[in-house]
Amino acid sequence: KPPPKTLAHGLSVADYRLRYNTKSEATCWEPGGHTCAWVGSVVVDLTPESIRIYVPKEYSPSSCESKQLLLHEMEHERLHRKEIQKTADMMRFALAHSKNLPGPLTPINASTPEEAHARLKLMVDQIVRPIYEDFLRNIKSQQERLDDPEAYRRLGESCSGWKRT
């Protein structure tokens, strides 16, 4: 028996990336001497490389089906952006309240400015990376919830005579 006909689905794809720039401040008391360094600033960029929305070509762009699929996929896009903002806020808070990031009164000692900068970047990464990994896990499950069978049932009822594939 052939499978029942189903709705052709749209698709939204987000290509995530985490980038950040750590600016360190340092003083070197004498050439060849040790370097005292601390985090001057951190700029985190969570802007997705891209968010693309696809609607099946079976539907003309002006059709009810195409418009409804586009609205549904735009819900995914809104969720992407909302969760990215929440993640950025969490990172900002974690960085601002970290007891482990050296400041001007609590610098680290290093042999060279390059070593100091590398160590500071690692300290920032240890704060930022787990939050980003949680974001990736959470966004996947939240996106799946938007695509539950009930959502597709409602979507199929939104246009009379919705074409099935």
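Bear in mind that the values here come from a model prediction, so they are computed numbers and not experimental data. (Residues numbered from 1 in each chain as written. Predicted model: local features only at pLDDT ≥ 70, side-chain atom pairs only at ≥ 80, totals over all residues. Heavy atoms only, no water.)

**Digging into the pattern of salt bridges**
Phase 1: Counting across every chain of the model gives 17 salt bridges.
Phase 2: Two residues, Arg-154 and Glu-150, come together in a salt bridge whose shortest N-O distance is 3.6 Å. Placement of the pair is Arg-154 and Glu-150 together in helix α3 (residues 149-157), with a separation of four residues, close to one helical turn.
Phase 3: Under the relative-accessibility criterion, Arg-154 is labelled partly exposed at 46%.
Phase 4: The residue Glu-157 makes a salt bridge to Arg-153 at a minimum N-O spacing of 2.6 Å. Remark: Arg-153 and Glu-157 occur in helix α3; sequence separation between them is four residues, near one turn of the helix.
Phase 5: Of the residues examined, Arg-153 reaches a relative accessible area of 38% and is grouped as partly exposed.
Phase 6: Beyond isolated ion pairs, a larger network of salt bridges with shared partners links Arg-17, Arg-19, Asp-45 and Glu-49. (Salt bridge = Lys/Arg side-chain N within 4 Å of Asp/Glu carboxyl O. Helix = DSSP H or I, 4+ residues; strand = E, 2+ residues; numbered from the N terminus. Buried < 20%, exposed > 50% of the residue type's maximum accessible area, 1.4 Å probe, protein only.)

**Structural notes on the confidence of the model for the protein chain**
Phase 1: Taken over all residues, the pLDDT of the protein chain has a mean of 86, while the share at 70 or more is 90%.
Phase 2: In the predicted structure, residues 1-5 sits below a pLDDT of 50 and forms two contacts with residues beyond four places in sequence or in another chain. (pLDDT = per-residue confidence, 0-100. Contact = heavy atoms within 4.5 Å.)

**Looking at the nonpolar core**
Phase 1: The biggest cluster of nonpolar side chains holds 21 residues, and the ones touching the most others in it are Leu-18, Met-91, Val-124 and Val-128.
Phase 2: Here this core takes nine residues from helix α2 (residues 113-146), the largest share from any one element.
Phase 3: The next biggest cluster of nonpolar side chains, apart from the first, holds six residues, and it includes Tyr-59, Leu-69, Tyr-152 and Trp-162. (Core = buried A, V, L, I, M, F, W, Y, C linked by side-chain atoms within 4.5 Å.)

**Quick look at the packing of helix α1 (residues 64-96) against α2**
Phase 1: Two elements in contact, α1 and α2, have axes separated by 10 Å at closest approach and are oriented at 155°. Considering their axes alone, α1 and α2 lie roughly antiparallel with respect to each other. Crossing geometry of α1 relative to α2 is assigned as right-handed. Across from His-72, Glu-75, His-76, Leu-79, His-80, Glu-83, Ile-84, Thr-87, Met-90, Met-91, Ala-94 and Leu-95 in α1, the residues of α2 making contact are Val-124, Ile-127, Val-128, Ile-131, Tyr-132, Phe-135, Ile-139, Gln-142, Gln-143 and Leu-146.
Phase 2: When grouped by side-chain class, the residues that make up the contact of α1 with α2 number 14 nonpolar, six polar and two charged. (Axes fitted to C-alpha atoms, helices over the stretch in contact; angles between N-to-C directions. Parallel < 35°, antiparallel > 145°, perpendicular 65-115°, else oblique. Left-handed = near helix turned anticlockwise from the far one by under 90°. Nonpolar A, V, L, I, M, F, W, Y, C, P; charged D, E, K, R; others polar.)

**Notes on the state of the cysteines**
Simply put, disulfide is the name for a covalent bond between the sulfur atoms of two cysteines.
Phase 1: As enumerated under the stated definition, the model contains one disulfide in all.
Phase 2: The disulfide partner of Cys-64 is Cys-159, and the gap between their sulfur atoms is 1.9 Å. The sign of the -85° torsion about the S-S bond sets the Cys-64-Cys-159 disulfide as left-handed. With Cys-64 in helix α1 and Cys-159 in the segment after α3, the pair connects residues that are 95 residues apart, well separated along the chain. (Disulfide = S-S within 2.5 Å.)

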